Amino acid sequence: MGRFSLSQDLGIDLGTANTLVFVKGKGVVVREPTVVAKNIETGDIEAVGSSARNMVGRTPGNISVVRPMKDGVIADYDTTAVMMKYYIKKAMRNRSFFAKKPSVMICVPSGITMVEERAVIDATKQAGAKDAFPIAEPFAAAIGAGLPVWDPTGSMIVDIGGGTTEVAVISLGGIVTSKSIRTAGDNMDDAIIQFIRKQYNLMIGERSAESIKMDAGTAGEAKEDKTLDIRGRDLLTGLPKTITITAKEVADSLKDTVESIVEAVKNTLELTPPELAADIMDRGIVLSGGGSLLKNIDQVISDETNMPVFVTEDPLDGVAIGTGKSLEYIQHFRSHPNVSSRPSVE
Ligand code: ADP
Ligand code: MG
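Residues numbered from 1 in each chain as written. Chains lettered and ligands numbered in written order. Predicted model: local features only at pLDDT ≥ 70, side-chain atom pairs only at ≥ 80, totals over all residues. Heavy atoms only, no water.

(A) Examining the site of ligand 1 more closely. In the vicinity of ligand 1, 19 residues are found, and the nearest of them are Ala17, Asn18, Gly162, Glu210 and Lys213. Here an oxygen atom of ligand 1 and a backbone polar atom of glycine 162 are 2.7 Å apart. For ligand 1, an oxygen atom lies 2.5 Å from a polar atom in the side chain of glutamate 210. Of all the elements in the fold, those that place two or more residues in the shell around ligand 1 are α5 (185-200) and α6 (206-216). Here the residues of the shell around ligand 1 sort into five nonpolar, 10 polar and four charged. (Near = heavy atom within 4 Å. Polar contact = N/O pair within 3.5 Å; in protein donor to acceptor, adjacent residues only side chain to side chain. Helix = DSSP H or I, 4+ residues; strand = E, 2+ residues; numbered from the N terminus. Nonpolar A, V, L, I, M, F, W, Y, C, P; charged D, E, K, R; others polar.)

Rendered as structure tokens:
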């Protein structure tokens, strides 16, 4: 490593579901669930990331598995900082002994308050960053998706994560209109859990619900006649039980969540100035985030808005790639507060 590259800057996507770290010149090097396992007696961290996630629903009484981010914001400050410290260390494993602390570009949801944003910045510093620059998540997602964010043209990005869906229209390096709703992938899992409990008196865990969503979930009508076997606990007998459900039932259970996401897109379009709306009509709406991998969601949004809709090439990595790419514009982010965490006009 050259003398001038001792400080290794990082881009961090601190998501509700997944945390990713981008290292300048290397790309995404850490990709882990935003999950921490803690010993509740001693307060010690037992595991972080995937190994903690494997413990969900399987822990003995003294270990509790927590998701320190909720609805896009920090729910458990100290745990978030410890987790980030671990990931920053992991990302910088091979750095020189003399390396300086990194500057970090970190994404925050567009709808958060100053206090919530401050907490993200402070936690990033506590985790070992020299300084931390917030970037609005949809803006990072748009950069990651390769949209022409600096041009005088309207681009619309819809980032469907675990806890939040962020919709934004961007032009000339700023967010023109945006909407952030606390409905996203996690709500789909919840909807599946509720449906199976109501319909079959069967209790299933979060992880099972998520895999049902990934295997058989669809936005809109289910096209295939697929069925799947689900194991859970019978609420009447208390014993394990297997039932069979259809993809159509799964699709039905997801309807409300999908509808809320579609509504957020429509509302944002309604508030978009006509010139920019015309640009979006030409270029299409771009979807990113893990939730955009739900089958057929692009089609449903397209049908409901009469706009072309595309899913980015890398929905799970897009925001991290965007934070990483935007490291090059740190100066711009310092001097243009409107690309920071809040929409410029509301
Ligand atoms: P965040 O930015 O909030 O951490 P991500 O963009 O990492 O969220 O997306 C996580 C969400 O995407 C989770 O709710 C996860 O279940 C969902 N997801 C991931 N893959 C798929 C898939 N193939 N189908 C449907 N949902 C998916
Ligand atoms: Mg995200």
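(B) Focus on the pattern of salt bridges. Within the structure shown, the criterion is met by 13 salt bridges. In this structure, aspartate 186 engages arginine 67 in a salt bridge whose closest nitrogen and oxygen atoms are separated by 3.2 Å. With aspartate 186 in helix α5 and arginine 67 in the loop between β6 (63-66) and β7 (69-70), the pair connects residues that are 119 residues apart, well separated along the chain. A salt bridge links aspartate 189 to lysine 213; its shortest N-O distance comes to 2.9 Å. Residue aspartate 189 is located in helix α5, and its partner lysine 213 is located in helix α6; the two are separated by 24 residues in the primary sequence. Accessibility classification places aspartate 189 together with lysine 213 in one group, the buried group. Residues participating in the shared-partner salt-bridge network are Glu221, Lys248, Asp252 and Lys255. (Salt bridge = Lys/Arg side-chain N within 4 Å of Asp/Glu carboxyl O. Buried < 20%, exposed > 50% of the residue type's maximum accessible area, 1.4 Å probe, protein only.)

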